[in-house]
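Letter by letter, the chains look like this.
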Amino acid sequence: MLTSIWSDIRFALRTLRKSPAFTAVAVLSLALGIGANTAIFSLLDQILLHLLPVKDPQQLALLTVRGTEYGNNFGGNAISYPLYRDFSQNNSVFSGMFARLAYNMSVSYGGHTERVNGELVSGGYFPILGVNARIGRTFNADDDRVPGGHPVAMLTYSYWKTRFNQDPSIIGKTIVINGHNLTVVGVSEPGFDGVELGRTPQIFVPIMMKAQMTPGWDALDNRRWRWVNAFGRLRPGVTIQQAKAALQPYYHSVLEMEVKEPAFRDASPDVRAGFLKNTIDVLPASQGRSYLRRQLTTPLWVLMAITGGVLLIACANIASLLVAKATSRQKEIAIRLAIGAGRGRIARQLLVESVLLAAFGGVAGLALAVWTDRLLIPFLPADTASLTVSDVPDWRALAFAIGISLITGMVFGLAPVLQSTRPDLAPTLKDQAGSVVGGGTRFRKTLVTVQVTLSLLLLVGSGLFIRSLRNLRDLGPGFRSENLAVFTVDPPLSGYNFANTKLFFHRLTDDLNAMPGVSAVGLASMRILTGNESDSGVTVEGSSTKRSAPYMNSISPGYFAALGVPMVAGRDFSPQDTDRLKHNDPDQYVPRVVIVNQKFAKQHYGDRSAIGHHVGFGINSNTKTDMEIIGVVKDIKYTNLRDEIPIQMFVPYLSEDRVNEMNVYVKSSLGEQQLFSAIRRKVSELDANLPLFSLRTVDQQITASLLIERLIAGLSTVFGALATLLATIGLYGVMAYTVTRRTREIGIRMALGAFQKDVIWMVMREVLLLVAIGVAAGLSAAIGLTRLVQSQLFGITPHDPITLAVAAVALTAVACAAGYIPAMRASRVDAMEALRYE
């Protein structure tokens, strides 16, 4: 059998070599379809399907709290560190637990300072994950004992390789992290990049060093601060549901204990009751946790469906080509059958030829997939330095490419096999091929109709995504983003105390304002349009709703001027707005004045003026509303362009005790590079060792915030155009073949007096019928299927009539143009020559 198969392969190679044009078209079509699918699958697999490269990842679980929050929250799936300790010491479902916090760190070594992604981790982090050290040691339980007493650090292998040139002598040396001396004790093993896709850490520090690593924010003993991700490894035989059921009774007892603490002394009965209804949830964590994964889940599956459509169209094209090729070989096959060849033997030979074509297409497609992924990875919504996605396909992507090649080879090779191995021998041997190819022609026309249907679906999808992207761009952020730059500086991570931090920002603002071409400078604690948000519960004086949770931002005077956002009523902050009110809590200071946006004012005061009213931080019944609203500012976007404008409240950063990272907005008439150079120079003049990061124009930031929309719109357009091209080629091939088979008929018609336009119309009528059936089916499918991508649209409905109409008209026009070429060729047939045909 192996000898026979090898003989089939050699024969297939000779056959393909004799038809170079056919082979080239077939391989290219398959390469485009297989390559597109493999490229998207490679990304989908790494981002959505890969498990963490740790020991038994399916046993990992993540804790999260469901219900009312009473306090502060930092990040998703966060619980307080005391609650993590409670669970780690009082559970029967986990063999071990660890906690982690992702936090930016400023690293100084060898006279160079840079900002990197870091993680604060508990001692069980590496042992429970089963991750070892490449050199040195990992953290352990001994690094979890004394707050502030473990000044050590670990490097990831990739950071050790790029920053320290794989120098083994780094072990035992001191590096400065966030202004503190820490000793490097180990380097993690290669391939481990943390537990959060999209945020690869470079440095690990014991969580006991939190007070030193997060200046002004020490929450190791504070139950009202949720900030750690708590993971556990399930004991053998314990399920997620069993773990959740086992933890809930103990968690409820913790809640009952917490409501008796001083922090709840001012809480109203309904707040206490709501808090006691909280539940603990246990989530599967075999893939870790990732906001990026949630962002990309729907887009990647949409793109996978789109590329699947392209592959189906390519397969239909190849099947059509093989049917035509098989028709030309009818006599050869009939002779083989007549002299005793088995149908199975001939079928296998034809299938070997189609699978060989698919294999060539798969190899070319794999190369195309690598090239495509290299183009796509920079467009993913994460810093590529923090995104561990490879453009080199692993064994799973290779297996996918091989599998899809074999499947497509079998699928598109099946039709010609079924047709070619069942010919009517007598007419075929008499060279009356025309009598046996009708079924093949009908089959090819059916394939063209399917191609038109799929192409229309893809064109409608691309049209919806393009219009959605345009709607977002046209909407804008609510302020003028031209000639506006933004960058971030975090002095406390370089050893500054809070008083010196304020002084630094004061001097930086003055220096930037003094630069030629600069018209305004403003600071903000939250960088808008980055997907991040900070909110706080407040009580609103004079409002029927009383309670609110506005999005917060601590800003400087000049912030609104830099963004070009006008004051609708009242005034902006001034340098004198630094006074604060002190409440009973010795750590609680609040500003005397605040500014709100139009939506806040409208929601709480309607048509009345908000100026002069008061608000207060907190939602308890006795919350003091002693912060005066001094201004109302025009509504602007906050998290991103897609989200609704939220209610917002602004406080003067100068009135805060703890000033950390601030984002500096600079409005200037200077060119981009000239402005960037001047900004770097000014910061360096103030402190050459203070890293400046995320320097970009706001227009660039807006573009970055639309990366997912751009990715989907761009790729769907490319794949939609590719699908249309393949469908057009298929239609052209079928009509050209049909005209060739009807040459004698056309000659007779013209000899009997048919005009050229009559012949054209005869062919075009068939083209229009095929296109009409395909378009009708495509529109029906589009109306139903496009609802699945509704979450990716903005300002447009899935059944938008304009998009449907434009896609249908465009596809019809292109298809008719493809059919018009063979129609014109048919109309120019010489009647006498046609009558001698065959």
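These numbers were taken from a predicted model, which means no experiment stands behind them. (Residues numbered from 1 in each chain as written. Predicted model: local features only at pLDDT ≥ 70, side-chain atom pairs only at ≥ 80, totals over all residues. Heavy atoms only, no water.)

### A short note on the overall build of the protein chain
And step 1. Regarding its fold elements, the protein chain presents 24 helices and 26 strands.
And step 2. Counting only C-alpha atoms, the protein chain reaches 105 × 60 × 55 Å along its principal axes.
And step 3. Considering the protein chain as a whole, with its 838 residues, one finds that 53% of them fall into the buried category.
And step 4. Accessible area for the protein chain stands at about 35800 Å²; split by element, carbon and sulfur atoms hold 57% of it. (Helix = DSSP H or I, 4+ residues; strand = E, 2+ residues; numbered from the N terminus. Buried < 20%, exposed > 50% of the residue type's maximum accessible area, 1.4 Å probe, protein only. Areas by Shrake-Rupley, 256 points an atom, 1.4 Å probe, with all protein chains shown as cover.)

### Describing the packing of aromatic side chains
And step 1. Counting across every chain of the model gives 29 aromatic pairs.
And step 2. Considering the side-chain rings of Y81 and Y84, the 5.4 Å spacing of their centres and the 45° angle between planes classify their relative orientation as tilted. With a gap of three residues between them, Y81 and Y84 both fall in helix α3 (residues 81–89), about one helical turn apart.
And step 3. Judged by centre distance (4.9 Å) and plane angle (55°), the rings of F264 and F275 are tilted. With a gap of eleven residues between them, F264 in the loop between α7 (240–258) and α8 (269–276) and F275 in helix α8 connect regions that are remote in the sequence. The exposure classification of F264 matches that of F275, with both residues buried.
And step 4. Each member of the aromatic cluster is reached from another via a ring pair, and the members are F74, Y81, Y84, Y103, W217, W225 and W227.
And step 5. It is R163 that lies over the ring of F164; its NZ or CZ is 5.3 Å from the centre.
And step 6. The lysine or arginine in question, K210, covers the ring of W217, its NZ or CZ lying 3.4 Å from the ring centre. (Phe/Tyr/Trp six-rings, centres within 6.5 Å; stacked < 30°, edge-to-face > 60°. Lys NZ or Arg CZ within 6 Å of the ring centre and 35° of its normal.)

### Structural notes on the pattern of salt bridges
And step 1. One pass over the structure, following the stated rule, counts 22 salt bridges.
And step 2. Across the salt bridge formed by R137 and D143, the nearest N and O atoms sit 3.0 Å from each other.
And step 3. R137 gets classed as partly exposed once you look at its relative accessible area, which sits at 31%.
And step 4. The class of D143 is buried, set by a relative accessible area of 5%. (Salt bridge = Lys/Arg side-chain N within 4 Å of Asp/Glu carboxyl O.)

### As for the environment of R787
And step 1. Tracing the sequence through the fold places R787 in the loop between α22 (756–785) and α23 (801–827).
And step 2. For the pair R787 and I619, spaced 168 residues apart in the sequence, the C-alpha separation amounts to 40 Å.
And step 3. In contact with R787, not counting residues within four places along its chain, are P798 and H799. (Contact = heavy atoms within 4.5 Å.)

### Quick word on the side chain of R223
And step 1. Positionally, R223 belongs in the loop between α6 (210–213) and β10 (225–226).
And step 2. A polar contact is formed between the side chain of R223 and the side chain of D86, at a distance of 2.8 Å.
And step 3. A polar atom in the side chain of R223 sits 3.3 Å from the side chain of E258.
And step 4. For R223, the contacting residues outside a window of four places in its chain are S80, P82, L83, D86, V254, M257, E258 and E261. (Polar contact = N/O pair within 3.5 Å; in protein donor to acceptor, adjacent residues only side chain to side chain.)

### Digging into a positive patch on the surface
And step 1. Residues R10, R14, R17 and K18 make up a contiguous surface patch of positive charge.
And step 2. With respect to the element layout, R17 can be found in helix α1 (residues 2–18).
And step 3. Residue class for R17 comes out exposed when judged on its relative accessible area of 60%. (Patch = residues over 30% accessible without salt bridge, like charges linked within 9 Å, V, L, I, M, F, W, Y side chains within 5 Å. Lys, Arg positive; Asp, Glu negative; His and termini not counted. Charge placed at Lys NZ, Arg CZ, Asp CG, Glu CD.)

### Overview of the pairing of strand β13 (residues 484–489)
And step 1. In terms of burial, β13 is largely enclosed, as six of its six residues are buried.
And step 2. Neither face of β13 is open: one carries L484, V486 and T488, the other A485, F487 and V489, and all of them are buried.
And step 3. Sheet analysis places β13 next to strand β25 (residues 662–668), joined by six bridges and oriented antiparallel. Within β25, the residue paired with V489 across the bridge is M662.
And step 4. Two strands pair when backbone bridges link them, and β13 and strand β26 (residues 692–697) are joined in this way by four bridges, in the antiparallel orientation. Each residue of the ladder has a partner; that of T488, found in β26, is F693. (Pairing = 2+ DSSP bridges.)

### A word on the nonpolar core
And step 1. The biggest cluster of nonpolar side chains holds 99 residues, and the ones touching the most others in it are F479, I528, Y559, L563 and Y665.
And step 2. The element that contributes the greatest number of residues to this core is helix α20 (residues 707–741), accounting for 14 residues.
And step 3. When near neighbours in sequence (up to four residues on either side) are disregarded, Y559 contacts V521, G522, L523, A524, I528, N553, F650 and Y665.
And step 4. Membership of the second largest hydrophobic core comes to 58 residues, among which are L120, M213, W217 and V254. (Core = buried A, V, L, I, M, F, W, Y, C linked by side-chain atoms within 4.5 Å.)

### Brief notes about the pairing of strand β7 (residues 174–177)
And step 1. Here β7 shows a clear split, with I175 and I177 buried on one side and none of T174 and V176 buried on the other.
And step 2. In terms of strand pairing, strand β3 (residues 94–109) meets β7 through two bridges, oriented antiparallel. Note on β7: the bridge partner recorded for S108 is V176.
And step 3. Pairing of β7 with strand β8 (residues 180–188), which is carried by four bridges, proceeds in the antiparallel orientation. Bridge pairing links I175 to L182 in β8.
And step 4. Where β7 hands over to β8, the hairpin turn is made up of two residues, of which N178 adopts a positive phi near 50°.

### Considerations on the confidence of the model for the protein chain
And step 1. The predicted model of the protein chain has a mean per-residue pLDDT of 87, with 92% of residues at 70 or higher.
And step 2. Looking at the elements of the protein chain, mean pLDDT is at its lowest for helix α13 (residues 425–429), recorded as 55, and at its highest for strand β9 (residues 203–206), recorded as 98. (pLDDT = per-residue confidence, 0-100.)

### Considering α7
And step 1. In this model, α7 (19 residues) spans 26 Å end to end at C-alpha, consistent with the 27 Å of a helix rising 1.5 Å per residue.
And step 2. Of all the bends in α7, the largest measures some 30° and sits at Q248, one to four residues before the proline P249.
And step 3. Within α7, burial applies to I240, A243, L247, Y251, V254, L255 and E258.
And step 4. The inward-facing, buried residues of α7 abut β1 (60–66), α3, β3, β11 (229–234), α8 and β12 (279–284). (Expected span 1.5 Å × (residues − 1). Bend = angle between axes of the 7 residues up to and from the residue.)

### Quick look at the environment of L43
And step 1. Residue placement: L43 occurs in helix α2 (residues 20–49).
And step 2. In this structure the C-alpha to C-alpha distance between L43 and M97, which are 54 residues apart in sequence, comes to 31 Å.
And step 3. Beyond its immediate chain neighbours, meaning those up to four positions away, L43 contacts L48, L300, D373, L376, I377 and V389.

### Section: the environment of T625
And step 1. Tracing the sequence through the fold places T625 in the loop between β22 (614–617) and β23 (627–633).
And step 2. Owing to a relative accessible area of 23%, T625 belongs among the partly exposed residues under this scheme.
And step 3. Residues T625 and V540, spaced 85 residues apart in sequence, show a C-alpha to C-alpha distance of 6.9 Å.
And step 4. Beyond its immediate sequence surroundings of up to four residues, T625 is in contact with T539, E541, H614, V615 and G616.

### Some remarks on α8
And step 1. Along α8, the positions that sit buried rather than exposed are V271, G274 and F275. Seen along its axis, α8 keeps its buried residues to an arc of 100°; they face one direction. (Arc of directions from axis to C-beta.)

### Focus: the packing of helix α19 (residues 698–705) against α20
And step 1. Contact geometry of α19 with α20 gives a least axis separation of 5 Å together with a crossing angle of 60°. Regarding the angle of α19 to α20, the classification is oblique. Contacts between α19 and α20 involve T703, A704 and S705 from the first element and L707, E709 and R710 from the second.
And step 2. Tallied by class, the residues present in the contact of α19 with α20 amount to two nonpolar, two polar and two charged. (Axes fitted to C-alpha atoms, helices over the stretch in contact; angles between N-to-C directions. Parallel < 35°, antiparallel > 145°, perpendicular 65-115°, else oblique. Nonpolar A, V, L, I, M, F, W, Y, C, P; charged D, E, K, R; others polar.)

### Some remarks on the side chain of S286
And step 1. Mapping S286 onto the fold places it in the loop between β12 and α9 (291–328).
And step 2. Apart from residues no more than four positions distant in its own chain, S286 is found in contact with L51, L52, P57, Q58 and L60.

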